[in-house]
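Close look at the chain arrangement
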Amino acid sequence: SGQVSAFASAPGAVVYNMNSDPGFTGSAVAFVSGSIGGQYAAPFNDTTQFASVGTLTAPATSTLLLGGSYNYVGLYWGSIDGYNSLTITDASGDHVVNAANYASVLTPPNGDQGAGGSLYINIFSDSAITKLTFFSSQAAFEFDNLTVAAVPEASTWAMMILGFLGLGF
């Protein structure tokens, strides 16, 4: 089965398991399962359907507009390649997530289809995320279990815990 987000059960979390198109715009996104050499490869140990950007047309850009006040994005990124990137758009602008910008997490970006080539990544923003843009200059950017949620900031958690301690006292 595919990897699951740590925040999938957060109140108001939306999980896109890629069994259908959640509303991507731009170049075509293929919703596939399994692997076909030279086209796409399932994220490691993912036996379910997943999304692949760049499979039908390369280069390809596909965008998902978000209609909530989400500040968290998580996704299971399969066979991480150097030519794939995810742009997170929030009130402060665009933030590119790729192997060049996040080498400590998304390395090595060699398209490995084994256990070391797929990773569930968690991205937090200080402001509401309005748009996700997936880009691949070649075939393909594979991902599954895309999750968006409104996750409280650490300071909110701290205030809540202090409140509970005060009530308990």
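Keep in mind that this is a model prediction, so the values were computed, not measured.

Considerations on the pairing of strand β6 (residues 84-90)
Across the 7 residues that make up β6, a large majority, 7, are buried. Burial along β6 is two-sided: N84, L86, I88 and D90 and S85, T87 and T89, pointing in opposite directions, are all buried. Across 7 bridges, β6 lies against strand β8 (residues 119-136) in antiparallel orientation. Bridge pairing in β8 links S85 to F135. Pairing geometry for β6 and strand β7 (residues 93-98), over 6 bridges, is antiparallel. The partner of T87 across the bridge, within β7, is V96. Hairpin connection, β6 to β7: the antiparallel pair is bridged by 2 residues.

Definitions and cut-offs
Residues numbered from 1 in each chain as written. Predicted model: local features only at pLDDT ≥ 70, side-chain atom pairs only at ≥ 80, totals over all residues. Heavy atoms only, no water. Buried < 20%, exposed > 50% of the residue type's maximum accessible area, 1.4 Å probe, protein only. Helix = DSSP H or I, 4+ residues; strand = E, 2+ residues; numbered from the N terminus. Pairing = 2+ DSSP bridges.

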